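# Chain and residue survey
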Amino acid sequence: MSRITSSPQKRGRLFHGLTVTSALAALALLPAAFPATASVEAPVTEAAAESPLPSGNTDYRTLADYETDMDQLVSDHPDLVEPLTLPFPTSSGRTVRGIEITDNVSAKDGKPVFVTVGMHHGNEWPSGEMTMEYAIDLVNRAAAGDPEVTALLDQARVVVVPIVNVDGFVNNRRQTDTNVDMNRNYGFGWLPISTSGAEPWSEPEARNIEWLLTTRQATTFVTQHTCIQVVLYPPLQLKAGPTQDVDRLHDLASRMATHYGPGYIARDSAHDYETTGEAIDWAYFATRGLAITAETCPDRGVERTFETQVVDTYPEHRLAMNEGLINTASPEQHATITGKAPKDAVLRIERSFEMYTQPFTQEDGTERPEAFTTTHTSEMELPHPNGKFSWAVNPSYLPTPPYQAEGIVPDRTGFDDEQWILTCERPDGTVLQTVPVSVDLGESVEVNLQECKKNFHKKSIG
Ligand SMILES: [Zn+2]
């Protein structure tokens, strides 16, 4: 497929589409009060040439198109959309970008986070398209006052990164520019196979996703791929055994698969085909957020075109993504820390723990796993005078992992309490109180921050 498919007019066409969509949605809500002005009517005639996608697009985006679309969402809806730049440029120096979407988006207000990303594999273009379309759709619906989306964005934050492997996309190839399959490069359970990179986390693209999921409380993570009809969850290998949250994972994956259609199967990744070092395995064991690989594809025998892979699949994709967002918003699907802190205090939670690759032959000739540290941290700000807060977090109890210092441990049923260390700070970073917090899935724990309150307005000595 050719990469240069977009014309200079494309941007105009796209945002015609946006205008029409949101204007029509607004009209549907306010049939009597909304005047049918010429500016609303004019694009409707042109809409006939557009697709039913939220953008109205009829062809794949270029990288510039993605960036323009994200910029436009930010500038049109600054209260709803914020830009996001991932910290590591690709191996060829390209920037990886995304957006965050929620109401009052600039507030660090402790909402649970739904992360959805496309194009770990740079030649799986529909995965980026549908991720971007979902972002446009959410914003359009929120801006038009759609009650379901408004309620969900009141309770959850959505982070969208349509292209995580930007070099691969630009070159229309699966791997990164270092010839690594970034979805074999995640450190947890990593093995040195031909495409997994020289070492765990060697690729900046994989480290970007590590950063994304460890600097916020992502309780649902969906990574899009093509082209199979399947919705997958951990583990990646049969010898790892089922995960402790298999029922929750299977439940979400099944609901998503049902939306995608009768040909779709929800199953653990190991029973699809065994792999190592994929995003979802590390994500689940590092955060206990539900981590899903969604692979979409037209039915067997149907030609693979933009129409069949993107336009026809998108309405089902939207419903599948809404399941992720509903899961994120549900208090049973995360943990909650509550309390009362001084107005303008900054709260921070942090924890660090070791995770392991599989045993492999190291440079010194011995066969053993390699350790790496996962550090997970987030902060919350308290602008409200009464200082009351409710913070949706990943549980402190993490599933005991199959890949450990002593090798592979297949039969695990328990959880390890990787306590959060909560600090109450002045805005200048002075730590006034430190509290360890253990909190389980679906549980709410109140912390006492009296000491922080007592010292918050005291002048420092000297
Ligand atoms: Zn893929």
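Residues numbered from 1 in each chain as written. Predicted model: local features only at pLDDT ≥ 70, side-chain atom pairs only at ≥ 80, totals over all residues. Heavy atoms only, no water.

### Quick word on the nonpolar core
In terms of nonpolar packing, the biggest core is built from 88 residues, with Met-256 and Trp-282 touching the most fellow members. Ignoring anything within four residues of it in the chain, the contact list for Trp-282 reads Tyr-186, Phe-188, Trp-201, Ile-209, Glu-210, Leu-213, Thr-214, Met-355, Phe-372 and Thr-374. The next biggest cluster of nonpolar side chains, apart from the first, holds 22 residues, and it includes Phe-389, Val-439, Val-447 and Phe-456. (Core = buried A, V, L, I, M, F, W, Y, C linked by side-chain atoms within 4.5 Å. Buried < 20%, exposed > 50% of the residue type's maximum accessible area, 1.4 Å probe, protein only. Contact = heavy atoms within 4.5 Å.)

### Some points on the UniProt feature "active site" (unreviewed entry) in the protein chain
Mapped onto the present numbering, the UniProt feature "active site" (unreviewed entry) falls at Glu-295. Mapped onto the fold, Glu-295 is located in strand 8 (residues 290-295). Residue Glu-295 is classed as buried on the basis of its relative accessible area of 8%. What Glu-295 contacts, discounting residues up to four positions off in sequence, is His-225, Thr-226, Cys-227, Ile-228, Gln-229, Val-230 and Tyr-264. Looking at Glu-295, its side chain comes within polar contact range of the main-chain nitrogen of Cys-227, at 3.3 Å. (UniProt positions renumbered as here; feature names shortened; annotations may be inferred. Helix = DSSP H or I, 4+ residues; strand = E, 2+ residues; numbered from the N terminus. Polar contact = N/O pair within 3.5 Å; in protein donor to acceptor, adjacent residues only side chain to side chain.)

### Remarks on the state of the cysteines
According to the stated counting rule, one finds two disulfides in the structure shown. Two residues, Cys-424 and Cys-452, share a disulfide whose sulfurs are 2.0 Å apart. What sets the handedness of the Cys-424 and Cys-452 disulfide is the S-S torsion sign, and at about -65° it is left-handed. Placement of Cys-424 in strand 19 (residues 420-425) and of Cys-452 in helix 13 (residues 450-456) is noted, with a sequence separation of 28 residues between them. Owing to a relative accessible area of 0%, Cys-424 belongs among the buried residues under this scheme. (Disulfide = S-S within 2.5 Å.)

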